[in-house]
Amino acid sequence: MSIDVRGVGKKFGDFVALDDVSVSIPTGQLTALLGPSGGGKSTLLRIIAGLETADTGTVSIEGRDATSLPAQKRNVGFVFQHYAAFKHLSVRKNVAFGLEIRKTPKDEVRRRVDELLALVHLTQFADRKPAQLSGGQRQRMALARALAVQPSVLLLDEPFGALDAKVRKELRDWLRRLHDEIPVTTVFVTHDQEEALEVADEIVVINEGRVEQVGSPDDLYDTPANPFVMGFLGPVTTLGDRLVRPHDVHVFTEPPSGLATVEGKVVRALRVGYEVRLEVEAAGSRTEVTLTRAEQRALGASGGSTVWLRPAPDARTLALV
Ligand SMILES: Nc1ncnc2c1ncn2[C@@H]1O[C@H](COP(=O)(O)OP(=O)(O)OP(=O)(O)O)[C@@H](O)[C@H]1O
């Protein structure tokens, strides 16, 4: 394991930001810390980086106890949402900065910076100042700068959070490809479940200062440990006394023989792009069902229809708590 967090607690005054958090982050993978705002993700990342100290517990990086090491001795690279570049220096000089203060020979600095600029697709902008770059380009420069000193761990705190949806998506794909090329152990904070599902090898779900679940995107989506994780990772609805995903509800217009179903009435059928969302009043609550348009047409169910619902045979459902 590359990063091992054991029993970490952190309070700000009386407020418990992290409560006995233990998590192991594997070497060479992209790990997302995912959770709602205020859940403690950034605090955990900052404790790993050495920018914040834990009240209790330990952090080890690459097998070395880092709990009381200062940030600059942890060999971590860090990129924040609003990256502070040196405004008066060119892109090239910004990327070279960490190497130059380490007194790396000039030839080597040039070679490494050229490589990094190519990697982040900024070669043609090498002589610009940061203010002459777009937001996405600036974040790529920040990543190149963090990678320049060959950190053993790269920590990214919502690195694309301030950018618009399209650029975010591009950078996400790009980060995934970059990571496949240079598999540095990377931990990134996000509150966007789609970003985590799309980019990460491993996801740590954090809520109210606690780890809710750790697993691959598929594990978490298909076998969420509890209603919180299920609801945070994707849409959920209630069917009787169970939680289920809206696309995992089967709809029948006749009661199927030999199958347990919940009878209900379609209150509304709403078309959203290629989907149709049915709102069904069943067993005293509302169940949302997502169908494709073709499925709805074949079924013929619309507002006012009586229907019978059951979870798809392979659907994951959880008991309501
Ligand atoms: N320096 C601080 N002083 C007091 N409270 C703090 C401090 N830093 C964080 N907190 C509180 O600790 C909690 C966790 O904050 P943290 O930034 O770790 O959450 P987060 O999950 O990263 O959320 P976000 O996605 O909004 O950044 C929040 O309620 C926050 O207000």
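A short tour of the structure in this document, coming up. Note that this is a predicted model, so its numbers are computed, not measured. (Residues numbered from 1 in each chain as written. Predicted model: local features only at pLDDT ≥ 70, side-chain atom pairs only at ≥ 80, totals over all residues. Heavy atoms only, no water.)

With that settled, consider the packing of helix H2 (residues 91-101) against helix H3 (residues 106-119). Close contact between H2 and H3 brings their axes to 10 Å; oriented N to C, the two are set at 125°. Our classification of the angle between H2 and H3 gives oblique. Considering the relative orientation of H2 and H3, their crossing is right-handed. The segment H2 lies against H3, with Val 91, Arg 92, Val 95, Ala 96, Leu 99 and Glu 100 engaging Val 109, Arg 110, Arg 112, Val 113, Asp 114, Leu 116 and Leu 117. Broken down by class, the residue content of the contact of H2 with H3 amounts to eight nonpolar, no polar and five charged. (Axes fitted to C-alpha atoms, helices over the stretch in contact; angles between N-to-C directions. Helix = DSSP H or I, 4+ residues; strand = E, 2+ residues; numbered from the N terminus. Parallel < 35°, antiparallel > 145°, perpendicular 65-115°, else oblique. Left-handed = near helix turned anticlockwise from the far one by under 90°. Contact = heavy atoms within 4.5 Å. Nonpolar A, V, L, I, M, F, W, Y, C, P; charged D, E, K, R; others polar.)

On to H2, then. Note on helix geometry: an α-helix contains 3.6 residues per turn, so any two residues three or four positions apart are oriented the same way. Taken as a whole, H2 has its buried residues at Val 91, Arg 92, Asn 94, Val 95, Ala 96, Gly 98 and Leu 99. Buried-residue contacts for H2 involve H3 and helix H4 (135-148). At the C-terminal side of H2, Lys 103 shows a positive phi close to 55°. (Buried < 20%, exposed > 50% of the residue type's maximum accessible area, 1.4 Å probe, protein only.)

Neighbouring residues of the ligand: Phe 12, Phe 15, Ala 17, Pro 36, Ser 37, Gly 38, Gly 39, Gly 40, Lys 41, Ser 42, Thr 43 and Glu 158. Gly 40 places a main-chain nitrogen or oxygen 2.9 Å from an oxygen atom of the ligand. Between Ser 42 and the ligand, the recorded distance is 2.7 Å, taken from a side-chain N or O atom to an oxygen atom. For the ligand, whose accessible area on its own is 630 Å², the fraction buried by protein is 58%. Within the residue set of the shell around the ligand, elements represented by two or more residues are strand E2 (15-25) and helix H1 (41-49). (Near = heavy atom within 4 Å. Polar contact = N/O pair within 3.5 Å; in protein donor to acceptor, adjacent residues only side chain to side chain. Areas by Shrake-Rupley, 256 points an atom, 1.4 Å probe, with all protein chains shown as cover.)

Sheet architecture is open: six strands sit in the order E6-E7-E8-E3-E9-E10, paired in mixed fashion. Looking at which strands have only one partner, the edges of the open sheet turn out to be strand E6 (76-79) and strand E10 (210-215). Strand-to-strand twist of the sheet, defined as the mean angle between neighbouring strand axes without regard to direction, takes the value 15°. As paired elements, strand E9 (residues 202-207) and E10 share five bridges and run antiparallel to each other. Across the sheet, residue Val 204 finds its bridge partner in E10, namely Val 214. Packed on one face of the sheet, H4 meets E6 and strand E7 (153-157) and runs near 165° to E6. Each of strand E3 (30-34), E7 and strand E8 (185-190) is contacted by helix H5 (residues 165-181), which is oriented at about 140° to E3, the strand it contacts most. (Pairing = 2+ DSSP bridges.)

Using the criterion set out here, one finds 21 salt bridges in the structure. A salt bridge links Glu 52 to Arg 46; the nearest nitrogen and oxygen atoms lie 3.5 Å apart. The partly exposed category is assigned to Glu 52, whose relative accessible area is 22%. A relative accessible area of 26% places Arg 46 in the partly exposed class. We note a salt bridge from Glu 279 to Arg 268, for which the minimum N-O separation is 3.4 Å. Taken together, the positions of Glu 279 in strand E15 (residues 275-282) and Arg 268 in strand E14 (residues 262-272) put the pair eleven residues apart, joining distant regions of the chain. Residues participating in the shared-partner salt-bridge network are Arg 168, Lys 169, Arg 172, Asp 173, Asp 192, Glu 194, Glu 195 and Glu 198. (Salt bridge = Lys/Arg side-chain N within 4 Å of Asp/Glu carboxyl O.)

The tally for this structure, following the rule as stated, stands at three aromatic pairs. Ring geometry for Phe 78 versus Phe 80: centroids 4.4 Å apart, planes at 50°, classification tilted. A relative accessible area of 18% means that Phe 78 is categorised as buried. (Phe/Tyr/Trp six-rings, centres within 6.5 Å; stacked < 30°, edge-to-face > 60°.)

Bringing the nonpolar core into the picture now. In terms of nonpolar packing, the biggest core is built from 45 residues, with Val 95, Leu 143, Leu 175 and Ile 203 touching the most fellow members. Considering every element that reaches this core, the biggest residue donor is H4, with seven residues. Once residues lying within four places of it in the same chain are set aside, the contact partners of Val 95 are Val 113, Leu 116, Leu 117, Met 141, Ala 144, Arg 145 and Ala 148. Counting 24 residues, the second-largest nonpolar core is a separate cluster that includes Val 23, Leu 33, Val 76 and Val 204. (Core = buried A, V, L, I, M, F, W, Y, C linked by side-chain atoms within 4.5 Å.)

This part covers the packing of H2 against H4. Two numbers describe a pair of packed helices, the interaxial angle and the distance between the axes. Direction vectors running N to C along H2 and H4 enclose 25°, while the axes themselves pass 7 Å from each other. Accordingly, the angle class assigned to the pair H2 and H4 is roughly parallel. The two elements H2 and H4 meet at a crossing, and its hand is right-handed. From H2, Val 91, Asn 94, Val 95 and Leu 99 reach across to H4, where they touch Met 141, Ala 144, Arg 145 and Ala 148. Of the residues belonging to the contact of H2 with H4, the class tally is six nonpolar, one polar and one charged.

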